[in-house]
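# Coordinate inspection notes
Letter by letter, the chains look like this.
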Amino acid sequence: RIVAVTVLLDVTVFLPVVLIGVAFIYWSFRNPEWWFFFTILLHAIFLQRTQEISAWELFYGLYFFGFLGYWFVDRILIRGKSFITEQADAWLFSFLVVCLLSFFIALLENAVMFLWVREVLAVSTLFLFFPAREILKTERGKKIALAALLILTAGIAGYNITMYGSTMLAQEYYGELIGRR
């Protein structure tokens, strides 16, 4: 049926991408260490300086909150465990809930909602604390997280070096233009 629907909608080209994406999401949700790895790497999308919400930010938000929803339901409803083990956990969780509830204040104050979404998405990465605490208890989780952080650091360093180089080149051209006048 899926193939028939995609033929009718003339989106057959995207079917393999969608199937691979769904398989990847299913696999990463079943392997929290790898979800954590990709979540850390996906923080690189916040390097973009855009005024609107990009497709990558939307994907990140769905991936991030989808797993968090899955993780919290699994821990609380299926396993019957509490994710709050100390008073600091309760304070952090309360803060994050208040941040999410600020949606209603933003609506009442006619705030620019896509800016609110971007800010809440950035602050909501603090939700990583709860699954990270569990993931980082294992040696495998520590190695995977370290690898992700090293890759992200190298990527950001490369990006910054490239941006610095292009800025210096632009400054050099500007100096040559001013010097000729």
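Our subject is the structure listed above.
Now for a description of the structure that goes with this document.

Thresholds, definitions, all that
Residues numbered from 1 in each chain as written. Predicted model: local features only at pLDDT ≥ 70, side-chain atom pairs only at ≥ 80, totals over all residues. Heavy atoms only, no water. Helix = DSSP H or I, 4+ residues; strand = E, 2+ residues; numbered from the N terminus. Expected span 1.5 Å × (residues − 1). Bend = angle between axes of the 7 residues up to and from the residue. Buried < 20%, exposed > 50% of the residue type's maximum accessible area, 1.4 Å probe, protein only. Patch = residues over 30% accessible without salt bridge, like charges linked within 9 Å, V, L, I, M, F, W, Y side chains within 5 Å. Areas by Shrake-Rupley, 256 points an atom, 1.4 Å probe, with all protein chains shown as cover. Salt bridge = Lys/Arg side-chain N within 4 Å of Asp/Glu carboxyl O. 1 Å grid on protein atoms, 1.4 Å probe; cavity = no way out; pocket = protein on both sides within 12 Å on 5 of 7 lines; lining within 4 Å. Points joined across faces, edges and corners; volume = space filled by probe spheres on them. Nonpolar A, V, L, I, M, F, W, Y, C, P; charged D, E, K, R; others polar. Core = buried A, V, L, I, M, F, W, Y, C linked by side-chain atoms within 4.5 Å. Contact = heavy atoms within 4.5 Å. Polar contact = N/O pair within 3.5 Å; in protein donor to acceptor, adjacent residues only side chain to side chain. Phe/Tyr/Trp six-rings, centres within 6.5 Å; stacked < 30°, edge-to-face > 60°.

Moving on to helix α5 (residues 87–108). Helix length check: α5, at 22 residues, gives a terminal C-alpha distance of 32 Å against a target of 32 Å (1.5 Å per residue), a fit within 8%. Its axis deflected by about 30° at Leu 101, α5 carries its strongest bend there. Among all positions in α5, only Asp 89, Leu 96, Cys 99 and Ala 106 are buried. Phi for Asn 110, located one or two positions after α5, is positive at around 55°.

What follows covers a nonpolar patch on the surface. Together, Val 13, Phe 14, Val 18 and Val 22 make up a nonpolar patch on the protein surface, roughly 410 Å² of accessible area in all. Note on placement: Val 22 falls in helix α2 (residues 15–30).

Empty space within the largest pocket amounts to approximately 180 Å³. If you go around the largest pocket, the residues you meet are Trp 71, Arg 75, Lys 81, Ser 82, Phe 83, Thr 85, Phe 130, Arg 133, Glu 134 and Lys 137. The leading source of residues in the lining of the largest pocket is helix α7 (residues 129–135), at 3 residues. Here the residues of the lining of the largest pocket are counted per class, giving 3 nonpolar, 2 polar and 5 charged.

What follows concerns the nonpolar core. Of all hydrophobic cores here, the largest spans 26 residues; its most connected members are Trp 35, Phe 36, Phe 64, Phe 72, Phe 127 and Phe 130. Broken down by secondary-structure element, the contributors of at least two residues to this core are α3 (32–41), α4 (55–78), α7 and α8 (139–180). Looking at which element gives the most residues to this core, the answer is α4, with 7 residues. Not counting residues up to four positions away in its chain, the partners in contact with Phe 64 are Trp 35, Thr 39, Ser 124, Thr 125, Phe 127 and Leu 128.

In this section: the environment of Thr 138. Relative to the assigned elements, Thr 138 resides in the loop between α7 and α8. Residues Thr 138 and Glu 33, 105 residues apart in the sequence, show an inter-C-alpha distance of 9.5 Å. Within the local environment of Thr 138, its side chain forms a polar contact with the backbone nitrogen of Gly 141, the two atoms lying 2.9 Å apart.

With that out of the way, let us pick up the pattern of salt bridges. By the definition in use, this model includes 5 salt bridges. Residue Asp 74 pairs with Arg 75 through a salt bridge whose shortest N-O separation is 2.2 Å. For Asp 74, a relative accessible area of 10% corresponds to the buried category. When its relative accessible area of 5% is taken as the criterion, Arg 75 is described as buried. The salt bridge partner of Arg 133 is Asp 89, with a shortest N-O separation of 2.6 Å. Here the residue Arg 133 occupies a position in helix α7, and Asp 89 occupies one in helix α5, the gap between them amounting to 44 residues. Take Arg 133: its relative accessible area is 23%, and that puts it in the partly exposed class. A cluster of three or more residues bridged by salt bridges with shared partners is formed by Asp 74, Arg 75, Arg 79 and Glu 134.

Now for the packing of aromatic side chains. Per the counting criterion, the structure on display carries 27 aromatic pairs. Taking the centre distance of 5.0 Å and the plane angle of 90° together, the rings of Phe 37 and Phe 38 count as edge-to-face. With relative accessibility at 10%, the residue Phe 37 sits in the buried group. Centre to centre, the rings of Phe 72 and Phe 83 are 4.7 Å apart; their planes meet at 70°, and the pair counts as edge-to-face. One end of the pair, Phe 72, is in helix α4; the other, Phe 83, is in the loop between α4 and α5, with 11 residues separating them in the sequence. For Phe 83, a relative accessible area of 8% gives the class buried.

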